[in-house]
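One letter stands for each residue in the lines below.
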Amino acid sequence: MTPPGDWRRVRRAIVALTLALVVAPRPATSQDSVRDRIARMTFPELRFTPVHPRTEEVRGVTVYFIHDDQLPLATVHATFRGGVRRFGRDYFAAASAVPSLLRTAGTRSLPPDSVDARIETLALAMSFGQGGGGASSWVNSLSGQLDEAVRLWSEMLREPRFDSAQVELWRGAEMERVRRRRDDPASLAFSRFNRIMYGDHPVGWEMSPADLESGDLAEERLRFVHRAVICPENMVLGVAGDVEWNRVSPLLDEMLAAWPSCSGNLQDDPVPEIRTEAGVFVIHKEIEQSVVVLAHSSRLRQGDTPGYFASRIGNSILGASGLSSRLAIEVRTREGLAYGASSLWTTSRRNDGLVGALTRTRPETTMAAARLLLGALDSMRTAPPSQPEVTHAIDEVVNGFVFNFRTPFQVIARGMAYQSLDLPADWLERYMDGIQAVTPRTVLEVFRSEVDPARMTILLVGDTTRFDGSPSELGRVTVLDADPPPGVSDSSPPRGSPRSPHSPGTS
């Protein structure tokens, strides 16, 4: 294993270079300028060897481990397979709530306020969260208090109290978030676009008041989710910091020995049926800035293939690299229609993803902005990007490589993520090699095979009475309610343009 000191040597070299540039050895003269002295400087070659965690196993659970004594701190990290996607809609609220309630709703032996007091006394940092496919949590503490920290943290994970007052607080906060979603145009647009594209799949679900009735968060539902997800068979662990393996191993063994097995109640992860039909969806909302989102499905998966790597560079050139991207230059700099615009190209490991673009603009330039997005996407299919564009995008990735190793925690978290995605342990190095092999021709090929502006599903959210044209110019239009009641489909028959006699904002 590469010693953790490698990243410290990189930091010292960077500091030395910075000091050399700002501390002059003698006053500058016209004959001996600062620039001349910089040009004469020599430095030993800086080599960086990627750091890889050590892999261990405790009671059948994989543990990624890095010892680093730079600071007297240690972090223990756990990820769990299983999340919202692995339960039916009846458990949507419970599956969404469990990770947060593990932190706030107490343990079997401690009420919530006592847990808070204990965390404060030990000066712990903690995190509890989830994505659609899993849950995660970590605890960070002084190395000398790691035993106490892990015992408290593991009890919070293993034996939650689900205090009813805290459950009700979560429900109330979520009800308010649902209410506010309608008031935030971007949040409304992204949520509804997922619903349009994914339909009755967890990615497309929107939390509604009907999901948040008291019975939806009954204790038995919360415990049903907890027993199915937060358990050893679903777990991967990571440990990083100032702690030796012979100390942490017995502590993890103690933690796992008391942990009940998984209930086996997880459903199979459903394969999404992503919308394939082109169309234009409109939500009327009297706001000063429209939101434009457009995308279609992409078959490209994350993997060690030339097409995947070319898609990453192509997406960066198109709109994922900020103000230097084609979309930003076209929409912001040349046309002045928006502060920014960006592209998206999601590449799941197991399922199809989306490719498209989005922006926000004035209602009076909504149609113009949408056409610019479509035109920029089409430009990537009609001619290869220039070599300087490709080189710049590759350099951004390569020059940022070292920042994947800023902390030991970052290294173990990545290793844990690779295992959950069934990626090889050296995926980051393979990714770098693949990115550096991308050419303008491979970018053109992947856009021609995967991107078609004519297939786009387009969502426009804004004041339709001020639009600079009819959305029907872009395709067949469906008018949507800003917040339809549960059970009402976003696939109702087209109603024509928002400029038709039908009232905007109805479905």
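Along each chain, numbering runs from 1 in the same order as the chain's sequence is written. Given that the model is predicted, a residue must reach a pLDDT of at least 70 before its local features are reported, and side-chain atom pairs must reach 80 or more before they are shown or counted; all residues, however, enter totals for whole chains, interfaces and linings. Hydrogens and water are ignored here; the side-chain numbers use all heavy atoms of the structure.

(A) Region of interest: the pairing of strand E8 (residues 290–298). Accessible area is worked out with a 1.4 Å probe on protein chains only. A residue is then buried under 20% of its type maximum, exposed over 50%, and partly exposed in between. To qualify as a helix, a DSSP run of H or I must reach at least 4 residues; to qualify as a strand, a run of E must reach at least 2; elements of each kind are numbered from the N terminus. Taken across its nine residues, E8 has nine buried, putting it largely inside the fold. Direction of pairing for E8 relative to strand E10 (residues 353–361): antiparallel, over a ladder of nine bridges. Each residue of the ladder has a partner; that of serine 297, found in E10, is leucine 354. Here, any two strands with at least 2 DSSP bridges between them count as paired. Bridge count between E8 and strand E11 (residues 457–462): five bridges; the pairing is antiparallel.

(B) Structural detail: unusual backbone geometry. With a phi angle near 55°, phenylalanine 162 is a residue other than glycine that sits in the positive phi range. Inspection of the secondary structure assignment puts phenylalanine 162 in the loop between helix H5 (146–158) and helix H6 (164–181). Overall, the relative accessible area of 4% leaves phenylalanine 162 in the buried class. Located in the positive-phi region is aspartate 422, a residue other than glycine, with phi close to 60°. If you trace the backbone, aspartate 422 turns up in the loop between helix H14 (408–420) and helix H15 (427–436).

(C) Spatial organisation of the pairing of E11. When you tally the buried positions in E11, you get six out of six residues, the bulk of the element. Here E11 shows no split at all, with Thr457, Leu459 and Val461 on one side and Ile458, Leu460 and Gly462 on the other all buried. Note: strand E7 (residues 279–284) against E11, six bridges, orientation parallel. Along E11, the bridge assignment pairs histidine 284 with glycine 462.

(D) Representation of the sheet that holds E7. Taken in spatial order, the six strands of this open sheet run E9-E10-E8-E11-E7-E12, and their pairing is mixed. The two strands at the open ends of the sheet, each matched to only one other strand, are strand E9 (341–345) and strand E12 (477–480). The average angle at which neighbouring strand axes cross in this sheet is 15°, direction not considered. The contact criterion used is simple: two residues touch if any of their non-hydrogen atoms lie within 4.5 Å. Fitted lines through C-alpha atoms serve as axes, helices being fitted only where they are in contact, and the angles separating the N-to-C directions of these axes extend from 0 to 180 degrees. Against the sheet, helix H7 (residues 185–198) makes contact with E7, E8, E10, E11 and E12, and its axis sits at roughly 25° relative to E8, the strand it touches most.

(E) The state of the cysteines, seen in detail. Pairs of cysteine sulfur atoms within 2.5 Å are identified as disulfides in what follows. Going through the model one piece at a time under the given rule, you end up with one disulfide. Linked covalently through their sulfurs, cysteine 231 and cysteine 262 form a disulfide whose S-S length is 2.0 Å. Here the disulfide of cysteine 231 and cysteine 262 is right-handed, its torsion about the S-S bond being about 100°. Placement of the pair is cysteine 231 in the loop between helix H8 (219–229) and strand E6 (235–241) and cysteine 262 in the loop between helix H9 (245–257) and E7, with a sequence separation of 31 residues. On the basis of relative accessibility, which here comes to 1%, the residue cysteine 231 falls in the buried class.

(F) Highlighting the confidence of the model for the chain. The predictor attaches a confidence to each residue, called pLDDT, with possible values from 0 through 100. In this model, the chain carries an average pLDDT of 88, and 88% of its residues clear a pLDDT of 70 or more. Per-element confidence in the chain is highest for E11, whose mean pLDDT is 98, and lowest for helix H1 (residues 5–22), whose mean pLDDT is 52. Below pLDDT 50 for its whole length, residues 1–5 participates in nine contacts with residues either more than four positions away or in separate chains. Within the model, pLDDT remains below 50 along residues 486–507, and this stretch shows 55 contacts once partners closer than five positions in the same chain are excluded.

(G) Up close: the sheet that holds strand E4 (residues 125–131). Reading across from one edge, E1-E2-E6-E3-E5-E4 is the order of the six strands in this open sheet, with mixed pairing throughout. Single-partner strands in this sheet number two, and they are strand E1 (54–58) and E4. Looking at each pair of strands side by side, their axes are set apart by 20° on average, direction ignored. By the bridge criterion, nine bridges tie strand E3 (residues 73–81) to strand E5 (residues 134–142) in an arrangement that is antiparallel.

(H) Quick peek at the packing of aromatic side chains. Any Phe, Tyr or Trp ring, taking Trp's six-membered ring, that has another such ring centre within 6.5 Å forms a pair; planes under 30 degrees apart are called stacked, those over 60 apart edge-to-face, and the others tilted. For the coordinates displayed, the defined rule picks out 15 aromatic pairs. Aromatic side chains phenylalanine 80 and tryptophan 259 sit 6.3 Å apart centroid to centroid with 45° between the ring planes, which places their arrangement in the tilted category. Linking phenylalanine 80 in strand E3 with tryptophan 259 in the loop between H9 and E7, this pair joins segments that are 179 residues apart in sequence. Look at phenylalanine 80 and you get buried, because its relative accessible area is 3%. The class for tryptophan 259 is buried, based on a relative accessible area of 7%. Chaining the aromatic ring pairs together yields one cluster made of Tyr308, Phe309, Trp427 and Tyr431. It is arginine 158 that lies over the ring of tryptophan 259; its NZ or CZ is 6.0 Å from the centre. Just above the ring of tyrosine 339 sits the side chain of arginine 332; from NZ or CZ to the centre is 4.5 Å. Comment: the charge-over-ring label is applied if NZ (Lys) or CZ (Arg) is within 6 Å of the ring centre and within 35 degrees of the ring normal.

(I) Region of the structure containing H15. Extensive coverage of H15 is indicated by the burial of seven of its 10 residues. Every buried residue belonging to H15 is among Trp427, Leu428, Glu429, Tyr431, Met432, Gly434 and Ile435, and all of these are buried. For H15, the elements touching its buried residues are helix H10 (306–320), helix H13 (387–399) and H14.

(J) Looking closely at H14. In this model H14 runs 19 Å from its N-terminal to its C-terminal C-alpha over 13 residues, within 8% of the 18 Å that 1.5 Å per residue would give. Among all positions in H14, only Pro408, Val411, Ile412, Arg414, Gly415, Met416 and Tyr418 are buried. Among the residues trailing H14, aspartate 422 stands out with phi positive, at a value near 60°. Under the convention used throughout, the expected extent of a helix is 1.5 Å for every residue step, that is, one less than its residue count.

(K) View of the pattern of salt bridges. Whenever a carboxyl oxygen of Asp or Glu lies within 4 Å of a side-chain nitrogen of Lys or Arg, that contact is scored as a salt bridge. Per the counting criterion, the structure on display carries 30 salt bridges. A salt bridge links aspartate 352 to arginine 301; the nearest nitrogen and oxygen atoms lie 2.9 Å apart. Of this pair, aspartate 352 sits in the loop between E9 and E10 while arginine 301 sits in the loop between E8 and H10, and the two are 51 residues apart along the sequence. Since its relative accessible area comes to 28%, aspartate 352 is described here as partly exposed. By relative accessible area, arginine 301 is classed as partly exposed at 33%.

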